[in-house]
Each structure stands twice: as structure tokens, then as C-alpha cells.
Amino acid sequence: MSDFSSIKNGAQARMDKTIDSFKADLGGLRAGRAHVSLLDGIMVEAYGSLSPLSQVGTISVPDARTLSISVWDKGLAKAVEKAVMESDLGLNPASDGQLIRIPIPPLSEERRKELLKVAGKYAENNKVAIRNIRRDAMDEIKKLKKDNAISEDDEKRFENEIQKLTDEAVKKIDELMAQKEKDIMQV
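Rules used throughout
Residues numbered from 1 in each chain as written. Predicted model: local features only at pLDDT ≥ 70, side-chain atom pairs only at ≥ 80, totals over all residues. Heavy atoms only, no water. Axes fitted to C-alpha atoms, helices over the stretch in contact; angles between N-to-C directions. Helix = DSSP H or I, 4+ residues; strand = E, 2+ residues; numbered from the N terminus. Parallel < 35°, antiparallel > 145°, perpendicular 65-115°, else oblique. Contact = heavy atoms within 4.5 Å. Nonpolar A, V, L, I, M, F, W, Y, C, P; charged D, E, K, R; others polar. Buried < 20%, exposed > 50% of the residue type's maximum accessible area, 1.4 Å probe, protein only. Arc of directions from axis to C-beta. Pairing = 2+ DSSP bridges. Core = buried A, V, L, I, M, F, W, Y, C linked by side-chain atoms within 4.5 Å.

Undergrad: Quick question: what am I supposed to make of the packing of helix H1 (residues 4-27) against helix H4 (residues 152-185) here?
TA: Axes are the key here: two packed helices are described by the angle between their axes and the distance separating the axes. Between H1 and H4, the shortest axis-to-axis distance is 11 Å and the interhelical angle comes to 10 degrees. Relative to H4, the element H1 is oriented roughly parallel. Contacts between H1 and H4 involve Phe4, Lys8, Ala11, Gln12, Met15, Ile19, Phe22, Lys23 and Leu26 on the former and, on the latter, Phe158, Glu161, Ile162, Leu165, Thr166, Ala169, Lys172, Ile173, Leu176, Met177 and Lys180. Tallied by class, residues from the contact of H1 with H4 come to 13 nonpolar, two polar and five charged.

Undergrad: What is the right way to read helix H2 (residues 77-86) from this model?
TA: Along an α-helix, residues three or four positions apart point the same way, because every turn accommodates 3.6 residues. For H2, every residue scored as buried is listed here: Ala77, Val80, Glu81, Ala83 and Val84. Buried residues along H2 cover an arc of 160 degrees about the axis, so they all sit on one side. Seen from the buried face of H2, the exposed residues on the opposite side, beyond 90 degrees, are Lys78, Lys82 and Glu86. If you follow the buried residues of H2, they end up packed against strand E1 (43-46), strand E4 (66-71), strand E5 (94-96) and strand E6 (99-103).

Undergrad: For this particular structure, what's the right way to read the sheet that holds E5?
TA: Within a sheet, each strand pairs with its neighbour through backbone hydrogen bonds, oriented either parallel or antiparallel. Ordered in space as E3-E4-E6-E5, the four strands form an open sheet in which the pairing is antiparallel. If you trace the sheet from one side to the other, it starts and ends with strand E3 (57-63) and E5, each paired once. Direction aside, the axes of adjacent strands within the sheet are offset by 25 degrees on average.

Undergrad: Looking at this model, I keep getting lost on the nonpolar core. Mind explaining?
TA: For soluble globular proteins, nonpolar side chains are generally found buried alongside one another. Formed by 29 residues in total, the largest nonpolar core has its most connected members in Phe22, Ile141 and Ile162. Mapped by element, the contributors of at least two residues to this core are H1, helix H3 (109-146) and H4. The element that contributes the greatest number of residues to this core is H3, accounting for ten residues. With residues near it in sequence (within four places) discarded, Ile162 still touches Phe4, Lys8, Ala11, Arg134, Ala137, Met138 and Ile141.

Undergrad: Teacher, can you tell me more about the pairing of E3 here?
TA: A regular strand carries its side chains on alternate faces of the sheet. Both E3 and E4 contribute to a ladder of five bridges, which runs antiparallel. Across the sheet, the residue bridging to Asp63 is Thr66, located in E4. Where E3 hands over to E4, the hairpin turn is made up of two residues, counted between the paired strands.

And the structure:
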């Protein structure tokens, strides 16, 4: 039989993971400024297999509007350039031997709105995940009550604690979303 502290800790851990996942989703959205996480999802054809970009070169941010990739093996420079061009980020890399510079163009108003919609979808999906975690925890509390392991007063108190966790997690997602919206809309 599980007790309330393990239910609460489990719910808290799952909610924290959901928030971390949301942060990672937002990190992949371009906000007009150069950031190394922008290239996280790009895979490069290297030595007969696909490798993450970070495993074939060093990614750096020389200034707010430029990314640079220093490719370790000069023979892979073209493959890296091709992978960046074929990504859906709309970037045009310029190769200079082993150094590839990627200027980050300013976002158009239309693209900003598209990015906000995508970020909003991420936020909503993660809020649904948080609410599902709450529902699972509430079901476990109801089961404890049904098994007469806790009193009705405890059941109410535990449900209130789980609801507080849920409210905090949803508030955190809203704060992250508001910050991302500010970043995206900043010209």
C-alpha cells in the first residue's frame, strides 16, 4: 500500500519533468537571437550514419545575430552546411573552410505569430500533462480512502495539497510561456 508522501513526491517529480520538457520545447523555438540550442535537433550525415551536429563540431555564439560551427573534420563541413540548410529553421550557412557562420535573420511578424502558436500549443499540451498527473494522484488518494487507509479529513487535505502542486506547475508553465512570448515578440 502506498502512502500520501510517496503519492505527493511522485506527482511532484512527474510535474517537474513535464516543466523541464516544456523548457526544452521552448528552447528549440527561435526567438530572433542566436542560441546554441537552436541547432540541437539537427543531424549530420557523418561517416555513413547520422550524428547530432554537436558531435561533429563546436557550436558557438560570436554575437547576438550569429552562430558559428567549427567542424572538427574538414571533410564534414559540406555535410554540416547541407544539414543546416535542410533543417526547417530557414537558415543560410556560409562556409569558410572548417568554420561555418550562420547569420540569424530577424523574424518577420508572420513568423513570430507562427512561433507563438507553436509555443502556445506546447504550453497547452504540457498543462494537460500536469492535469493528468493530478488526476492520477487524486485517484490514488481516493483508493487510500476506499481502502480505509486514511480518513475523509485526510483525503480532503491531501487533495488540496495535490491541487496546490498542480496550480504551482501550471503557473510556472504560464510564466515560461509569457517569457518566451516576450522574447519572440521583441524586435
